[in-house]
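Observations on the model geometry
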Amino acid sequence: MATNMRLGGMVSGMDTDTIVKQMVEAKRSRSISFTKTKTKSEWKQEAYQSLNKDLANFIVDARKKLGLTNYSYNGKLYPNSIDKVSWGKKAEVSGDSFSATATAGAFDGSMEVEVNKLASTASVTGEVVQKKADDTVGADTQLKLEVNGEMKTVDLKSDDTISSAMKKIKDATGLNVSFGKVGKSSDDKDVSMLLMSTKQTGAKQSIKSTDTATQNFFQSLGVSASTLNSGVKGENSKIKLNGKEIENESNNVDINGVQLTLKKADNVVNKVSISADKDAIFDKVKDFVEGYNKIVKSMQDKVKEKAFRSYEPLTDTERKALSETEVKLWDEKAKSGLLNSDNTVSNILSNVRSGLYEKVEGAGSLFELGITTGTYQNGAVLQIDEKKLKDAIGKDPQKVLDTLFKSPEDIKDHPKNSVEGKAQRANTGVFVRVMEDMSNGITAIAKQSGVGNESSILQQVKGNILSGVVKNSSILEKSLSELTRRIDDENRKVEIYETNLWKKFSAMETAIQKMQSQTSWMNQQG
């Protein structure tokens, strides 16, 4: 037990504590070196994952703004998606019988529309009755309602209130049902009314019941037995399109990409004019370029950011010796240039830039629209010649849309350099291509750094974006795991070294003490 005791120079007079600390600190140099390397790697991992989050947010936000959200699991935009967006065309109506919008794929031209009838639900409206919603049903009853030709049953208990009975009917049948106060009678008593209808409109909608118990229940709420016995039906909307009568189950009518919302049946002819929304197309293109430039400039800045090699991560001891301001300034220098000349980020930028110059089959090229990268120093940052872009939109808006947002018929996964892959890319619009290149870049970065806490936003880009990315198996994750192991090994070695030092110094102190005792005894004998 005595060999484990630390005798700190009590006999020899040496400052053993300081000597041991200095010797141990010198021995910690490898552990400190590994720790600083690990810290730097963690910073780089954070920088990678932050960039991935920014890329994913740009792609997801851009898709939403453009209305291009119909993607396959492997991240391919479904064919003709650009023809379905709501901002490529505009529809102007001469009257107020209906409103109209148009998708980008709608025809250019005009048509005449007359609204003759609005679509309606199958509905039942009871007479006013002197009942309250919190009155009880009074007897166990099974209701049998035929809704759209399908029999529905509802079991009511005697102590159910009318209000709770309405909820049971709604849940069991899918009908809209309500019962409540609507006013007062001539003798100043509260009166209520039942309203019941199908959720959809159209002639296929119906409500009916030939069941006596059901008719009696609803009769108590102001609905005649004959109404339920004969049943009620919804009605289709009726319009005349260029003189031709058309029926629809809804008041929302789609005519080859032109959506009409019918408001009133006034039998008045309204003219609908459809044309390219040139201002909207310009604004969408400009907005995309601004978002694109922001993320690309950020990436280019990161690969060019100066690295200060002499500024290594601070140890806890070094941090304590500095002021808060000094630590902040040091960390800024130490973290600068984490992705300087990074191959992964540089490759993403290179792929994006090369895709900008590739012509789109059946459409055109980016520079024809007045969108270029400018000088070489600009890298992949885009510049817009607004006059040239507006002229291109004015001349052939569909060509502009296809050049930027076209999606190929083939949306399978193909190797990029295969015949199929090259054909697929050639038939992909420039901006869609850009987002695909960035999406592939996200996967490449994840293989370097791991996913971190960003898997949800990354998978919004495409379902299989993390295919091949195994947790804790990225390059940096493996490196960090190995560094942790080495640090632990070095710390164990230091602990053993320190223990052995103390054993040696303690043994020396014990030997000196013994020698002094012997000398003292010999002097006493003389």
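Relevant structure appears above.
Figured I'd write up the structure that's included with this text. Worth saying up front: this structure is predicted, and the values here are computed from it rather than measured. (Residues numbered from 1 in each chain as written. Predicted model: local features only at pLDDT ≥ 70, side-chain atom pairs only at ≥ 80, totals over all residues. Heavy atoms only, no water.)

Concerning the pattern of salt bridges
Applicable threshold: Here, a salt bridge means any Lys or Arg side-chain nitrogen found within 4 Å of an Asp or Glu carboxyl oxygen. A run of H or I in DSSP becomes a helix once it reaches four residues, and a run of E becomes a strand once it reaches two; helices and strands are each numbered from the N terminus. The rule is simple: take the accessible area with a 1.4 Å probe, protein chains only, and divide by the maximum for that residue type; under 20% is buried, over 50% is exposed, in between is partly exposed.
Applying the stated criterion across every chain yields a total of 28 salt bridges. Two residues, K204 and E249, come together in a salt bridge whose shortest N-O distance is 3.3 Å. Taken together, the positions of K204 in the loop between β8 (190-197) and β9 (206-208) and E249 in the loop between β12 (244-248) and β13 (252-255) put the pair 45 residues apart, joining distant regions of the chain. Look at K204 and you get exposed, because its relative accessible area is 63%. A salt bridge links D489 to R492; its shortest N-O distance comes to 2.3 Å. Note that D489 and R492 are positioned in helix α15 (residues 475-525) at a spacing of 3 residues, about one turn of the helix. Judged by relative accessible area, which is 22%, D489 ranks as partly exposed.

A word on the layout of surface pockets
Condition: Throughout, the protein atoms alone are placed on a 1 Å grid, and a set of points is a cavity if a 1.4 Å probe fits but cannot get out or a pocket if it is open with protein on both sides within 12 Å along at least five of seven lines; lining residues have an atom within 4 Å of a point. Grid points are joined across faces, edges and corners, and a volume is the space filled by probe spheres set on the points. Under the scheme applied, nonpolar residues are Ala, Val, Leu, Ile, Met, Phe, Trp, Tyr, Cys and Pro; charged residues are Asp, Glu, Lys and Arg; polar residues are all the others, including Gly.
Taken as a whole, the largest pocket encloses approximately 390 Å³ of empty space. Element by element, the count of residues in the lining of the largest pocket is highest for helix α13 (residues 430-449), at 6 residues. By residue class, the composition of the lining of the largest pocket is 2 nonpolar, 10 polar and 9 charged.

Description of the packing of helix α9 (residues 343-357) against α13
Packed helices, taken two at a time, are described by the angle their axes make and the gap between the axes. What counts is decided by this rule: Axes, fitted as lines to C-alpha atoms, cover a helix only where it is in contact. Angles between the N-to-C directions of the axes lie from 0 to 180 degrees. Here is the rule for angles: anything less than 35 degrees is roughly parallel, anything more than 145 is roughly antiparallel, 65 through 115 is roughly perpendicular, and the remaining ranges are oblique. A clockwise turn of the near helix away from the far one marks a right-handed crossing, whereas an anticlockwise turn of less than a right angle marks a left-handed crossing. Two residues form a contact once any of their heavy atoms are found within 4.5 Å.
Relative orientation of the contacting elements α9 and α13 amounts to 165 degrees, with a least axis distance of 9 Å. As far as their axial angle goes, α13 and α9 are roughly antiparallel. The handedness of the crossing between α9 and α13 is right-handed. Contacts from T344, I348, N351, V352, G355 and L356 in α9 reach V430, R433, V434, D437, M438, G441, A444, I445 and Q448 in α13. Here the residues of the contact of α9 with α13 are counted per class, giving 8 nonpolar, 5 polar and 2 charged.

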